[in-house]
2 protein chains.
Amino acid sequence: MIYHNEKALFIKIAERLCDDILSGCYTEGDLVPSVRELAAEYEVNINTALRAFELLQRDAILLSQRGIGMSVAKGARRRILSARRKEFLQHELPEFMRRMELLGLTLDDIAREWRAQDGMETAS
Amino acid sequence: MIYHNEKALFIKIAERLCDDILSGCYTEGDLVPSVRELAAEYEVNINTALRAFELLQRDAILLSQRGIGMSVAKGARRRILSARRKEFLQHELPEFMRRMELLGLTLDDIAREWRAQDGMETAS
DNA sequence: ATTAGTGTTATAGTGACTTAAGACACCGCA
DNA sequence: TGCGGTGTCTTAAGTCACTATAACACTAAT
């Protein structure tokens, strides 16, 4: 049943960068790691890292400055947050609930289970 | 931000069949639709439907009977449920919580939001 | 100017997935 | 026996994500 479900690598990298912007790791105007650094960090080809950047350029999350680097665009965080909220509420949440109900679970079960698991992890 | 995220077709079909077994659409011993019927239903090549079946054969969800069809194996439902529960708790739930927290949401927010949306849908 | 760091483009090759069309093996039934 | 329904296998082609190299264009610092 572990039919691995991987998205494309360059998409995962782009989402990871968005995560980092959301969580404040990079703020607007900051330079993100260079294509080559990113490729090394994720153990991936330069072209793959570049494609992640192209994606984020198209969505006006990153600005390309030749010879300098890629910087976080103005309003990037707000735009990511907005898009993520929409995606989350319209797709992820319904799919999550569907799978939950197929397993005969409720949100209360989940909350209980999560508190238990979370306690385990932080206790280690 | 809509970096389409598709899994392989044959995997989606296999998971869909598992959903149908979980929800009681097919019970143990039942014949599932033939390769060609399934291919037609999902508007997909026969080989793609066949690969979905191969996946489910390997996990002992379906039994192949040449000249007859594919039937749901004994214990298939229990096995699916068990694997799904494990996958859900170990991977989907943590990822869901991570994304939720990145958006500054809590499980209570989700529960509230879901009840509202659910009410909208069932009212239509 | 030189150098080292950026982003960018191009070409070629690999592997996974999908489609397409056809052929074969098996079962049940008339 | 023949027919039509099953599952299965083969071959060929095409797309896409990824890798591997290499080269080019620009900027900043020395």
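This one's a predicted model, so the numbers in the text were calculated from it and none came from an experiment.

### Re the relation of the copies chain B and chain A
Right, on to step 1. Placing chain B over chain A gives an RMSD of 0.2 Å and needs a rotation angle of 180°, together with 0.1 Å of translation along the axis. Look at the turn and shift together and you get a two-fold axis relating the two. Closest approach to the rotation axis among the C-alpha atoms of chain B is made by Lys-7 of chain B, whose C-alpha sits 3.6 Å away.
Right, on to step 2. Here 100% of the interface residues in chain B have copies in chain A that are interface residues too; the copies meet face to matching face.

### Description of the pattern of salt bridges
Right, on to step 1. Applying the stated criterion across every chain, the model contains 14 salt bridges over all chains.
Right, on to step 2. A salt bridge links Arg-99 of chain B to Glu-95 of chain B, with the nearest nitrogen and oxygen atoms 3.8 Å apart. You can see Arg-99 of chain B and its partner Glu-95 of chain B sitting in helix H4 (residues 76–102), four residues apart, about one turn around the helix.
Right, on to step 3. Under the relative-accessibility criterion, Glu-95 of chain B is labelled partly exposed at 35%.
Right, on to step 4. As a salt-bridge pair, Asp-109 of chain B and Arg-112 of chain B come within 2.9 Å of each other at their nearest N and O atoms. Note that Asp-109 of chain B and Arg-112 of chain B are positioned in helix H5 (residues 107–123) at a spacing of three residues, about one turn of the helix.
Right, on to step 5. Since its relative accessible area comes to 25%, Asp-109 of chain B is described here as partly exposed.
Right, on to step 6. A cluster of three or more residues bridged by salt bridges with shared partners is formed by Asp-19, Arg-84 and Glu-92 of chain A together with Glu-95, Arg-98 and Arg-99 of chain B.

### Focus on the interface of chain B and chain A
Right, on to step 1. On the chain A side, the residues contacting the 41 residues of chain B number 41 residues.
Right, on to step 2. Interface of chain B and chain A: buried area, both sides summed, is about 4,100 Å²; carbon and sulfur atoms make up 70% of it.
Right, on to step 3. Applying the counting rule to chain B against chain A returns four salt bridges.
Right, on to step 4. For Glu-92 of chain B, the salt bridge is made with Arg-99 of chain A, and the minimal N-O distance between the two is 2.9 Å.
Right, on to step 5. If you look at where chain B meets chain A, you find six residue pairs in polar contact (both at pLDDT 80 or more).
Right, on to step 6. Mapped onto the side of chain B that touches chain A, the elements with two or more residues apiece are helix H1 (9–22), helix H3 (46–58), H4 and H5 of chain B.
Right, on to step 7. Looking at which element gives the most residues to the side of chain B that touches chain A, the answer is H4 of chain B, with 17 residues.

### Considerations on the protein's contact with DNA strand C
Right, on to step 1. Surrounding DNA strand C, one finds 25 residues, the nearest of these being Ser-64 of chain A together with Leu-9, Phe-10, Asn-47 and Arg-51 of chain B.
Right, on to step 2. When atoms of DNA strand C within 4 Å of the protein are sorted by moiety, sugar and phosphate together comprise 62%.
Right, on to step 3. Measuring from a base nitrogen of DNA strand C, one finds a side-chain N or O atom of Asn-47 of chain A at 3.2 Å.
Right, on to step 4. Elements with a contribution of two residues or more to the surface near DNA strand C: helix H2 (35–41), helix H3 (46–58) and strand S2 (69–72) of chain A together with H1 and H3 of chain B.
Right, on to step 5. Looking at the surface near DNA strand C residue by residue, the class counts come to nine nonpolar, 10 polar and six charged.

### Structural notes on the environment of Thr-106 of chain B
Right, on to step 1. Relative to the helices and strands, Thr-106 of chain B is located in the loop between H4 and H5.
Right, on to step 2. Along the chain, Thr-106 of chain B and Glu-87 of chain B lie 19 residues apart, while their C-alpha atoms are 22 Å from each other.

### Quick notes on the side chain of Asp-19 of chain B
Right, on to step 1. Summarising the element assignment, Asp-19 of chain B is placed in helix H1.
Right, on to step 2. Here Asp-19 of chain B is in contact with Arg-98 and Leu-102 of chain A together with Arg-84 of chain B, once residues within four sequence places are set aside.

### Brief notes about unusual backbone geometry
Residues apart from glycine generally show negative phi values, whereas peptide bonds are mostly found in trans.
Right, on to step 1. A positive phi is found at Glu-43 of chain A, a non-glycine position, where the angle reads about 55°.
Right, on to step 2. With respect to the helices and strands, the residue Glu-43 of chain A is situated in the loop between H2 and H3.

Parameters and conventions
- Residues numbered from 1 in each chain as written.
- Chains lettered and ligands numbered in written order.
- Predicted model: local features only at pLDDT ≥ 70, side-chain atom pairs only at ≥ 80, totals over all residues.
- Heavy atoms only, no water.
- Least-squares fit on C-alpha atoms with pLDDT ≥ 70 in both.
- Contact = heavy atoms within 4.5 Å.
- Salt bridge = Lys/Arg side-chain N within 4 Å of Asp/Glu carboxyl O.
- Helix = DSSP H or I, 4+ residues; strand = E, 2+ residues; numbered from the N terminus.
- Buried < 20%, exposed > 50% of the residue type's maximum accessible area, 1.4 Å probe, protein only.
- Buried area = accessible area lost by both parts, 1.4 Å probe.
- Polar contact = N/O pair within 3.5 Å; in protein donor to acceptor, adjacent residues only side chain to side chain.
- Near = heavy atom within 4 Å.
- Nonpolar A, V, L, I, M, F, W, Y, C, P; charged D, E, K, R; others polar.

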